[in-house]
Amino acid sequence: MTSAVTIPRHGGTGGRTAVAARARQVVKAYGSGETRVVALDHVDVDIARGQFTAIMGPSGSGKSTLMHCLAGLDTVTGGQIYLDETEITGLKDKKLTRLRRDRIGFIFQAFNLLPTLNAIENITLPMDIAGRKPDKQWLTRVVETVGLADRLKHRPTQLSGGQQQRVAVARALAARPEIIFGDEPTGNLDSRAGAEVLGFLRRSVDELGQTIVMVTHDPVAASYADRVLYLADGRIVDEMYKPTAEAVLDRMKDFDARGRTS
Amino acid sequence: MTVMKTSMRNFFAHKGRMALSAIAVLLSVAFVCGTLVFTDTMSTTFDKLFAATSSDVTVSAKGASDSGETTADNGKPPVMPASVLGEVRKAQGVKSAEGAVFSTSVTVVDAGKDNLSPSSGAPTIVGGWNANEARTMKITSGAAPKDADQIMVDADTADKHDLKLGDEIGVISAVGTHTAKISGIADFTVTNPGAAIFYLDTKTAQQALVGESDVYTNVNVTAAAGVSDAQLKKNVTAELGGAFQVKTAKETADANQKDVAGFMNVMKYAMLGFAGIAFLVGIFLIINTFSMLVAQRTREIGLMRAIGSSRKQVNRSVLVEALLLGVVGSVLGVGAGVGLAIGLMKLMGQMGMELSTDDLTVAWTTPVVGLVLGVIVTVLAAYLPARRAGKISPMAALRDAGAPADAKAGWIRAAIGTVLTGTGGFALYLASEADKAKEGSLWLGLGIVLSLIGFVVIGPLLAGAVVRVLGAVLLRMFGPVGRMAERNALRNPRRTGATGAALMIGLALVACLSVVGSSMVASATDQLDKTVGTDFIIQSDRSQLITPQAVQAVKSSPDLAHVTEYKSTQADFTTPDGKTLKDTAITAADPTYATDLSTETVAGKLPDAYKADSMSVHEKFAKDHGIRLGSKIKVAFKDGSAADLTVRAITSSDVVIDAGSMYTSIATLAKYVPADKMPLDSLVFASAEDGRQDAAYTSLKSALHDYPQYIVRDQTDYKDALKDQIGQLLNMIYGLLALAIIVAILGVVNTLALSVVERTREIGLMRAIGLSRRQLRRMIRMESVVIALFGALLGLGLGMGWGATAQQLLALEGMGVLDIPWPTIIGVFISSAFVGLFAALIPAFRAGRMNVLNAIATE
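Residues numbered from 1 in each chain as written. Chains lettered and ligands numbered in written order. Predicted model: local features only at pLDDT ≥ 70, side-chain atom pairs only at ≥ 80, totals over all residues.

Enquirer: Would you explain the overall build of chain B in this entry?
Expert: Within chain B, the regular secondary structure consists of 25 helices and 24 strands. Across its three principal directions, the C-alpha atoms of chain B cover 95 × 70 × 50 Å. A separation of at least 24 residues holds for 85% of the contacts in chain B among residues at least 6 apart in sequence. (Helix = DSSP H or I, 4+ residues; strand = E, 2+ residues; numbered from the N terminus. Contact = placed C-beta atoms within 7 Å.)

Enquirer: Whenever I open this one, the overall build of chain A confuses me. Can you help?
Expert: Helix and strand counts for chain A come out as eight helices and 11 strands. Here chain A has a C-alpha radius of gyration of 18 Å; the compact-globule value for 262 residues is 18 Å, and the two agree. By its C-alpha atoms, chain A is 55 × 40 × 40 Å across when sized along the principal axes. For chain A, the proportion of its 262 residues judged to be buried stands at 47%. Across chain A, contacts joining residues at least 24 apart in sequence account for 69% of those joining residues at least 6 apart. (Rg over C-alpha atoms; globule rule 2.2 N^0.38 Å. Buried ≥ 20, exposed ≤ 12 C-beta atoms within 10 Å, placed from the backbone.)

Enquirer: It is not clear to me how the environment of Gln570(B) should be interpreted in this structure. Could you clarify?
Expert: Residue and element names in this part refer to chain B. You can see glutamine 570 is positioned in strand β16 (residues 560–574). Here the alpha-carbon distance between glutamine 570 and proline 81, two residues 489 residues apart in the chain, equals 26 Å. If near-sequence neighbours (up to four positions away) are discounted, glutamine 570 is found in contact with Asp583, Thr584, Ala585, Ile586 and Lys638.

Enquirer: I tried to follow the interface of chain B and chain A on my own but got confused; where do I start?
Expert: Quite often, the size of an interface is put as the accessible area lost when its parts meet. Across the boundary between the two partners, chain B contributes 20 residues, which contact 22 residues of chain A. Put simply, the parts of the chain that give the side of chain B that touches chain A at least two residues each are α14 (479–491), α22 (760–768), α23 (773–810) and α25 (852–857) of chain B. Per-element accounting of the side of chain B that touches chain A gives the leading share, six residues, to α14(B). Tallied by class, the residues present in the side of chain B that touches chain A amount to 10 nonpolar, five polar and five charged. (Nonpolar A, V, L, I, M, F, W, Y, C, P; charged D, E, K, R; others polar.)

Enquirer: Please clarify how the confidence of the model for chain A should be interpreted in this entry.
Expert: In regions of low pLDDT, the predicted coordinates are not meant to be interpreted in detail. Model confidence for chain A is summarised by a mean pLDDT of 84, while 92% of its residues fall at 70 or above. In the model, residues 7–15 of chain A has pLDDT below 50 throughout and makes 15 contacts with residues more than four positions away in sequence or in other chains. (pLDDT = per-residue confidence, 0-100.)

Enquirer: Looking at this structure, how should I read the domain arrangement of chain B?
Expert: Taken domain by domain, chain B comprises domain 1 (1–52 + 252–404), domain 2 (62–243), domain 3 (459–534 + 715–859) and domain 4 (545–708). Its C-alpha centre places domain 1 of chain B at a distance of 55 Å from the equivalent point of domain 4 of chain B. (Domains from an automatic or database assignment.)

Enquirer: Would you mind going over helix α10 (residues 311–350) of chain B with me for this structure?
Expert: It helps to recall that an α-helix has 3.6 residues per turn; residues three or four apart then point in one direction. Along its 40 residues, α10(B) runs 56 Å from first to last C-alpha, staying within 8% of the 58 Å computed at 1.5 Å per residue. Gly352(B) occupies a position one or two residues after α10(B) and carries a positive phi of about 100°. (Expected span 1.5 Å × (residues − 1).)

Enquirer: Help me out: how do you make sense of the packing of helix α21 (residues 715–758) of chain B against helix α24 (residues 822–849) of chain B in this one?
Expert: Each packed pair of helices is defined by two parameters, the angle between the axes and the distance between the axes. All names here are of chain B. Two numbers describe how α21 lies on α24: the axes approach to 9 Å, and their chain directions differ by 30°. With respect to α24, the element α21 is oriented roughly parallel. Read as a crossing pair, α21 and α24 show a hand that is right-handed. Note on element contacts: α24 touches α21 through Val835, Gly836, Ala839, Ala840, Ile842, Pro843, Arg846 and Ala847, opposite Ile745, Val748, Val749, Leu752, Ala753 and Val756. (Axes fitted to C-alpha atoms, helices over the stretch in contact; angles between N-to-C directions. Parallel < 35°, antiparallel > 145°, perpendicular 65-115°, else oblique. Left-handed = near helix turned anticlockwise from the far one by under 90°.)

Enquirer: Explanation requested: unusual backbone geometry in the structure shown.
Expert: Glycine aside, negative phi is the norm for most residues, and most peptide bonds take the trans geometry. Residue and element names in this part refer to chain A. Positioned with a positive phi, glutamine 25 is a non-glycine residue whose angle comes to about 50°. In this structure, glutamine 25 sits in strand β2 (residues 19–30). A positive phi angle, near 45°, is found at lysine 242, a position not held by glycine. In this structure lysine 242 comes out as exposed when scored by C-beta crowding, with 10 C-beta atoms within 10 Å.

Enquirer: Mind showing me how you'd approach the pairing of strand β14 (residues 245–248) of chain B here?
Expert: Sheet faces and side chains relate simply in a regular strand, where the side chains alternate between the two faces. All names here are of chain B. Of the two faces of β14, both are covered, the one formed by Gln245 and Lys247 as well as the one formed by Val246 and Thr248. Where strand β1 (residues 57–60) lies against β14, four bridges are found, and the strand directions are antiparallel. Pairing of valine 59 across the sheet is with valine 246, part of β14. (Pairing = 2+ DSSP bridges.)

Enquirer: Explanation requested: the sheet that holds strand β13 (residues 218–223) of chain B in the structure shown.
Expert: Paired through their backbone hydrogen bonds, the strands of a sheet run either parallel or antiparallel. Residue and element names in this part refer to chain B. Reading across the sheet, the four strands line up as β3-β13-β1-β14 and stay open at both edges, with antiparallel pairing between neighbours. Sheet topology places β3 (94–100) and β14 at the edges, where each strand pairs with a single neighbour. Each strand axis lies, on average, 20° off the axis of its neighbour in the sheet, ignoring direction. Bridge analysis of β3 against β13 gives six bridges, and the strand direction is antiparallel. When the sheet's bridge partners are listed, alanine 100 is paired in β13 with asparagine 218.

Enquirer: Can you help me understand helix α2 (residues 93–103) of chain A in this one?
Expert: Of all the residues in α2(A), the buried ones are Leu96(A), Thr97(A), Arg100(A), Arg101(A) and Arg103(A). Buried residues along α2(A) sit against β5 (78–83), β7 (104–107) and α3 (119–130) of chain A together with α22 of chain B.

Enquirer: I'm lost on the confidence of the model for chain B in this one. Help?
Expert: Residue and element names in this part refer to chain B. For chain B, per-residue confidence averages 88 on the pLDDT scale, and 97% of positions sit at 70 or higher. Throughout residues 402–406 the model reports pLDDT below 50, and contacts reaching past four residues in sequence, or to other chains, amount to 14 contacts. Confidence estimates for the predicted assembly give a pTM of 0.83 and an ipTM of 0.83.

Enquirer: It is not clear to me how the environment of Val785(B) should be interpreted in this structure. Could you clarify?
Expert: Residue and element names in this part refer to chain B. Tracing the backbone shows valine 785 in helix α23. Its 25 C-beta neighbours within 10 Å are what place valine 785 among the buried residues. Residues contacting valine 785, with those up to four places away along its chain left out, are Ala833, Gly836 and Leu837.

Enquirer: Help me understand the packing of helix α2 (residues 15–53) of chain B against helix α11 (residues 365–390) of chain B in this model?
Expert: All names here are of chain B. α11 packs onto α2 with a crossing angle of 155° between their chain directions and a minimal axis gap of 9 Å. Classified by the angle their axes make, α2 and α11 are roughly antiparallel. Helix-helix and strand crossings are classified by hand; for α2 and α11 the assignment is right-handed. For the pair α2 and α11, contact is made by Val25, Val29, Val32, Cys33, Leu36 and Val37 and by Thr366, Val369, Gly370, Leu373, Gly374 and Thr378, respectively.

Enquirer: Looking at this model, I keep getting lost on the pairing of strand β6 (residues 124–128) of chain B. Mind explaining?
Expert: All names here are of chain B. Most of β6 sits inside the fold, with four of its five residues counted as buried. As paired strands, strand β4 (residues 102–103) and β6 are joined by two bridges and run antiparallel to one another. Its bridge partner lying in β6, phenylalanine 102 is registered against glycine 127. When β6 meets strand β11 (residues 196–200), the two strands line up parallel, connected through five bridges. Bridging from a neighbouring strand, valine 126 pairs with phenylalanine 198 of β11.

Enquirer: Looking at this structure, I do not really get the sheet that holds strand β8 (residues 179–183) of chain A. What am I missing?
Expert: Residue and element names in this part refer to chain A. Spatially, six strands are ordered β7-β8-β9-β4-β10-β11 in an open sheet, and the strand pairing comes out mixed. Edge strands, defined here as strands with exactly one partner in the open sheet, are β7 and β11 (235–241). Within the sheet, the average angular offset between the axes of one strand and its neighbour, ignoring direction, is 20°. As judged from the six bridges shared by strand β10 (residues 227–232) and β11, these two strands associate in the antiparallel manner. Looking at the pairing, leucine 231 lines up with isoleucine 236 of β11.

Enquirer: Would you mind going over the environment of Ser598(B) with me for this structure?
Expert: Residues and elements named next belong to chain B. Relative to the elements of secondary structure, serine 598 occurs in the loop between α17 (593–596) and β18 (601–604). You can call serine 598 partly exposed: it has 13 C-beta atoms within 10 Å. For the pair serine 598 and lysine 530, spaced 68 residues apart in sequence, the C-alpha to C-alpha distance is 8.3 Å. Other than its neighbours up to four places away in sequence, serine 598 contacts Thr531 and Gly533.

Right under this line is the structure:
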């Protein structure tokens, strides 16, 4: 199974398509000849708008590569990637940068914030770079949602790991991007702080209608998502809707067992 | 041994990051070695030249200088009668002896009256062709001069001025102008560093240079086989008695060498001084490099400490890296130094000073000095960062943050810096208030050193304030990118401080010298306007004396109201207090000099000093020796007899032009000095009839057309010439300071390049969330500009302070006007911004090219 195209192209959210991003026959390979390594092997995937999608898989399965390609951080060897109706494969650096700036939000595992800027400056940075004025009301709501109202003037070094990730979430949300990509956003946090951050992500989907794609290897984190995609050896091997931590864990064990026997 | 191994690995792993530091070491070492090789090569050239041109034993007249240099105040070389030759020949052990005539107080012109003298300041020598000369000159075309119409010229001069056989040449001496046609061209068999040499036959030379027959300036003696030079000298001296100077070849060569050594040493130590400044600047660069390497390696070092490395070992491992850097930089620097020396020789060749690469001299001390200096400076500079590395706790290995931001500069630093700067400022204040130049210059020196060190120490603190101000003025208009640039420049004040300080040093010197230079010009102009009444000043730019024929030409020029002659000579003074002051300078001028230059007196009237058997003294001299108006001083003139002169005026010590001169009239001088011993004029002043200035100027110029060695200037020309002269000197110094400034610019590049590496993840993050390449590059460029402007602001401020203090101090010597050359200062400030832009080119380009994903993934 290399396809996860299961959602109709047009959904019920007004004029916009129900698919926020899609990949078609995406191939990503490193090296050539004998040493050629295929990280993504003809992947088709649709990311539903207004949903929380988790991408799981063992190390080296290509899950991070897929996310990087979808987010316009990495180039593909073959196939197409669309963000809404825009094909981003083949875009030049300048356009890609602008696309990331205006339409995509990021949350990385660590080192999300610029140490020279305080929390609120970090949150508004993408808009500052773009030369746009942040929407005051929206900003206030985002800041309140992530519970940072009293920490806005703090520098990153004065914040705990969990608080830093919440600032990162706020930054990703503040510019109202079409889609937010998270690369193991809770990977460096303890379970309580992780739960907090995931809770915010969940709420931003439910309450703000945000589209989120998150790479993780933690079944608990995945259980916050609406849909989980499983990657192995560069292909999508399975998916699951309305996941629970147990179900995800079971499915993972299943893959592990299969991986060992095959 | 493991220490060595890790150091080696680290060094080679980070060779790119070391590259700029290595270049800084290389440049400084190259400058030192280049200077040494160049001056040694010059020494060798002169050694060979003097060894080749000196005969076994040379006899010269009593009045000649040790090196046989043949100049006297009367414009003629000191001579001895031709009979000396016969006496010398009688001495034991003499194989042969010949009489020679030479003069260097000559000017040689071509048919168009263009000066053929070397522009490099090397001498023009005219002499009789003889056997001793034939040892070092080979006739390449034509023949040696045989009669009065013929002259032979050296090949270099012939080449330079495109002279051919048969061309007319004029030899201008105190005797008059002798014209002849080129009969031959002779080439040197040794390297001639630039003198222009002309040969007449000996008889003609005697007439043209001395105006007498049967006289010689030197007798060249050749020893018979088996007779040593020293023995020959003894024999010749015994034969002649003590009436003449007798010198062996070695003594003559040594004396000649001593003459050029003075000039060469000035050049050598000046250049080494500038190399020293470059080293100083390089230290900042090296400190920054190692600080940043240590900071980047904090976790690694923490791990080493955690698994049992001692502080000492960590410390040593950093120092070993510095040692490697020093060795690599210095070895390359020594090589580059030789190249630099060859380049300098070629450059000097263009300026008329011929040096041959055959004589290239690399003394064994040169590479040793270069290596030792380079290595010691590098290791010393790395010592502070090494110590800091040793202090890293094992806990650092466990901490998450890779490179913790450098702690804010502490209050100890602030206190030390403030105390140093304060003391320096106070010393400068004392210097400006000092009423004795000597004491004041001590304070000035102390003030400069202390305020410089103070600024360096306090730099990181100033960086905070200055960068914020600069940011507010310049960067805010660039929005968030500007803000981030400002924050980046501020995040490590110590680094920004050190980078800026490096630039500060060079620019402070530039600012200081430009203030002093322009104050000098302004003060001189001011004084000229106030005191000089004469319209025209006639002098030689090579401090040649003015021949009587030229003076006559000036005097017979139309439209002139009066002409003032001005002569300098020396005399032994016996003052009323009974003291005898040997070789004291005294000026003899025409009485009109009192109106040409208005000189204030504290007693008496200056014109009275020009009366018969009268003179003036200056205030300090009068005070020191208890002289009052009417006092009598016994003045024993050089080359003349003693006179009792009455003091009729005492000049003020506030005089600037001709300060400290004591005057008498030429008429008085002529009473006691025989006509043929009278010194020639060193200056001639001319004043036009009212309203005839322009006409007089034109006619003076045409009157002096036949004497291209003398230049007539009106007051405007004179001021311009002064300005040019000081401007040239300043440009030369700026050129030498360029080395230090280049090293400082490398420092800015280095800091930015290492910062970019250090901030790889940040850059990746910013690119990921949408910072465009252009914005990123702009951010780095602006950080660079801010650092450069910070350094410039500090440097210019400090330098102007020094310059103003120096002016205050020099006001004692008559430099009364402070003139700050704002165009230069502002120009330097603006150029610094461009330097910043330029320095950021490569780091910004490299940052822009970073792969976003790799950058984010970087540890």
